[in-house]
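Coordinates in review
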Amino acid sequence: MTVHLHWFLPTGGDGRTLVDRHAYTDGGVRRSRITPVGGVRAPDIEYLAQIAKAAERLGFEAVLTPTGTWCEDAWLTTAALSQHTERLKFLVAFRPGVISPVLAAQMASTYQRITRGRLLLNVVTGGDSVEQRRFGDLLDHDHRYARTAEFLSVVRGVWSGRPYDFEGEHFHIEGGLTALPPDPLPEIFFGGSSAAAGPVAAEHADVYLTWGEPPEQVKEKIDWIRGLADERGREVRFGIRLHTISRDSSREAWATADRLLDDLDEETVTAAQQALGRSESVGQQRMLALHGGSRDSLEISPNLWAGVGLVRGGAGTALVGSHSEVADRIEEYHALGVEHFVLSGYPHLEEAYWFGEGVTPELSARGLLPTIPAFPGLPAPPPAGQAPLLVASGR
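About the criteria used
Residues numbered from 1 in each chain as written. Predicted model: local features only at pLDDT ≥ 70, side-chain atom pairs only at ≥ 80, totals over all residues. Heavy atoms only, no water. Helix = DSSP H or I, 4+ residues; strand = E, 2+ residues; numbered from the N terminus. Contact = heavy atoms within 4.5 Å. Areas by Shrake-Rupley, 256 points an atom, 1.4 Å probe, with all protein chains shown as cover. Salt bridge = Lys/Arg side-chain N within 4 Å of Asp/Glu carboxyl O. Buried < 20%, exposed > 50% of the residue type's maximum accessible area, 1.4 Å probe, protein only. Pairing = 2+ DSSP bridges. Right-handed = clockwise from strand over helix to strand, strands pointing away. Axes fitted to C-alpha atoms, helices over the stretch in contact; angles between N-to-C directions. Parallel < 35°, antiparallel > 145°, perpendicular 65-115°, else oblique. Left-handed = near helix turned anticlockwise from the far one by under 90°. Phe/Tyr/Trp six-rings, centres within 6.5 Å; stacked < 30°, edge-to-face > 60°. Core = buried A, V, L, I, M, F, W, Y, C linked by side-chain atoms within 4.5 Å. pLDDT = per-residue confidence, 0-100. Polar contact = N/O pair within 3.5 Å; in protein donor to acceptor, adjacent residues only side chain to side chain. Expected span 1.5 Å × (residues − 1).

Observations concerning the overall build of the protein chain
Tallying secondary structure elements over the protein chain gives 12 helices and 13 strands in all. Contacts in the protein chain between residues at least 24 apart in sequence constitute 72% of all its contacts with a sequence separation of at least 6. Of the accessible surface of the protein chain, which amounts to about 17500 Å², a share of 52% is contributed by carbon and sulfur atoms.

As structure tokens, this is what we get:
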């Protein structure tokens, strides 16, 4: 089992701080119109294309997009970016509560043909009722997961290429059909830490995705989902969502982490923690419990830093250290059964290069990657540690 490396597309904006602010702040809640925020890189197609091209050049297999009020639509944005890339896949996040499952199946089928098979699906059930209600979804937490299970049953049924009927609590489908099923079928990534989420993952997910908890907690999740899948006669693969701060030395990496913390005032942290504490997401509550809102003891496991979660929802931990140390931690998670690593960093363009040029060769040298990825249009690079000999040509 080799490692699959993926990066992240900041479709809500990017920047050099941890503050989870977006290019278009407040969303009009407190302003008469949406206005750009200074110091934040807007998620325009030119900047996102830079990140996508860098990810492809550095050998990442796919890029994840978020979904929700404060970011650009993932389907449309990644379809546009597919025309700027050649091999890069797109892990498109979407919420099953705001789209018909038959329409989603058709969209996925069309997407596969347009991109020649470069779609992966990240099904986000939703852990915030306030956010869900913005899209007209009034179900509570557990019923949202029950609907997701029905949604994915319909999607897979419709992909069969034959008329598909379904009668459930949330969907009634008569003769659902995609005239041309997607080829290949997109892999389905799915996450959730609640009791309601586990059976859905075991029954429908190809890859169960967890946020970056310490290895012992990740192992507990893997054992949990694997056991539920075994009961259903299925196999599920596993992935983890993490930030990275990788540098030539451990000292440089931790200095970068400290600088990110220095940018945070107590008022910002307190406001973020209060907002995040209202989330219904069990996974989010587990993220908050890693640091308890305190700046003390943020290294919760070797090279695993919880500082991101002081102000950012969702993935709240980062691998921090030298390239070799970060590779060590990836190897540790991999030994537990984690195959997919969905990574990010601030800013996403620069951190992609730090990881791709520093950690990726380490992983390749350890046999966790098939080869050091070659840049498009260039010959494969020499083995790790063997730089080419350059001879002066007189120019």
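From this point on, the discussion continues.
Some points on the pattern of salt bridges
Under the definition given, this model contains 22 salt bridges. Here glutamate 213 makes a salt bridge to arginine 286, at a shortest N to O gap of 2.7 Å. Linking glutamate 213 in the loop between β8 (207–211) and α7 (215–231) with arginine 286 in helix α10 (residues 282–289), this pair joins segments that are 73 residues apart in sequence. Assessed through its relative accessible area of 1%, glutamate 213 is described here as buried. Across the salt bridge formed by glutamate 266 and arginine 295, the nearest N and O atoms sit 2.7 Å from each other. In this pair, glutamate 266 sits in helix α9 (residues 266–277) while arginine 295 sits in the loop between α10 and β10 (299–301), placing the two residues 29 residues apart along the sequence. Judged by relative accessible area, glutamate 266 falls into the partly exposed class, the value being 48%. Residue classification places arginine 295 among the partly exposed positions, given a relative accessible area of 28%. When salt bridges with common partners are traced through the structure, they connect Asp328, Glu331, Glu362 and Arg366 into a single cluster.

What to know about the pairing of β8
Of all five residues in β8, four are buried, a share of seventy percent or more. Sheet topology places strand β7 (residues 188–190) next to β8; two bridges connect them, and they run parallel. From the neighbouring strand, phenylalanine 189 faces β8, where its bridge partner is valine 207. With helix α6 (residues 197–204) bridging β7 and the parallel β8, this β-α-β connection has right-handed handedness. Both β8 and strand β9 (residues 237–247) contribute to a ladder of five bridges, which runs parallel. Looking at the pairing, valine 207 lines up with arginine 237 of β9. Each parallel crossover has a hand, and for β8 linked through α7 to β9 it is right-handed.

Description of the packing of helix α11 (residues 323–336) against helix α12 (residues 348–365)
Across the interface, α11 lies against α12 with an axial gap of 9 Å and an inter-helix angle of 60°. Our classification of the angle between α11 and α12 gives oblique. The chirality of how α11 crosses α12 is right-handed. Seen from α11, the contacting residues are His323, Ser324, Val326, Ala327 and Ile330; seen from α12, they are Trp354, Phe355, Gly358, Val359, Glu362 and Leu363.

A short note on the packing of aromatic side chains
Enumeration over the complete set of coordinates arrives at nine aromatic pairs. Seen from their ring centres, tryptophan 75 and tyrosine 111 are 6.1 Å apart, and the 70° between their planes marks the pair as edge-to-face. Of this pair, tryptophan 75 sits in helix α2 (residues 74–81) while tyrosine 111 sits in helix α3 (residues 101–115), and the two are 36 residues apart along the sequence. For the pair shown, tryptophan 75 and tyrosine 111 are each scored as buried. Aromatic pair tyrosine 164 and phenylalanine 166: ring centres 6.5 Å apart, planes at 20°, arrangement stacked. Following the ring pairs from residue to residue traces out a cluster consisting of Trp75, Phe94, Tyr111, Phe151 and Phe171.

Quick look at the nonpolar core
Within the largest apolar cluster, 74 residues are counted, with the highest numbers of intra-cluster contacts made by Leu5, Ile330, Tyr333, Phe341, Phe355 and Leu363. Other than its neighbours up to four places away in sequence, phenylalanine 355 contacts Leu5, Phe60, Thr244, Val326, Ile330, Leu343, Thr360 and Leu363. With 21 residues, the next largest nonpolar core counts Met287, Ala306, Leu310 and Tyr346 among its residues.

Regarding α6
For α6, a buried count of six out of eight residues is recorded, marking the element as mostly surrounded by other parts of the structure. Within the span of α6, buried status applies to Ala197, Gly198, Val200, Ala201, Ala202 and His204. For α6, the elements touching its buried residues are α5 (141–158), β7, β8 and α7.

Remarks on the confidence of the model for the protein chain
Within the protein chain, residue pLDDT values average 89, and 88% of them lie at 70 or more. Confidence drops under a pLDDT of 50 for residues 375–395, and excluding neighbours within four residues, the segment shows 17 contacts in the predicted structure.

Concerning the side chain of serine 109
Mapped onto the fold, serine 109 is located in helix α3. Here arginine 113 takes part through its side chain, which lies 2.7 Å from a polar atom of the side chain of serine 109. Not counting residues within four places of it along the chain, the set of residues in contact with serine 109 comprises Leu180, Pro181 and Pro182.

Brief notes about α11
With 14 residues, α11 should cover 20 Å at 1.5 Å per step; its first-to-last C-alpha distance of 20 Å lies within 8% of that length. Buried-residue contacts for α11 involve α7, β9, β11 (304–305), β12 (318–322), β13 (338–344) and α12. Backbone geometry just downstream of α11 places glycine 337 in the positive-phi region, at approximately 120°.

Considering the pairing of strand β6 (residues 172–176)
Inspection of the sheet shows strand β5 (residues 164–167) paired to β6 by three bridges, in the antiparallel sense. Bridging across to β6, phenylalanine 166 finds its partner in isoleucine 173. From the end of β5 to the start of β6, which pair antiparallel, there are four residues.

As for the side chain of arginine 144
Along the polypeptide, arginine 144 turns up in helix α5. We classify arginine 144 as buried; its relative accessible area is 0%. Polar contacts involving the side chain of arginine 144 include one to the main-chain carbonyl oxygen of leucine 139, which spans 2.9 Å.

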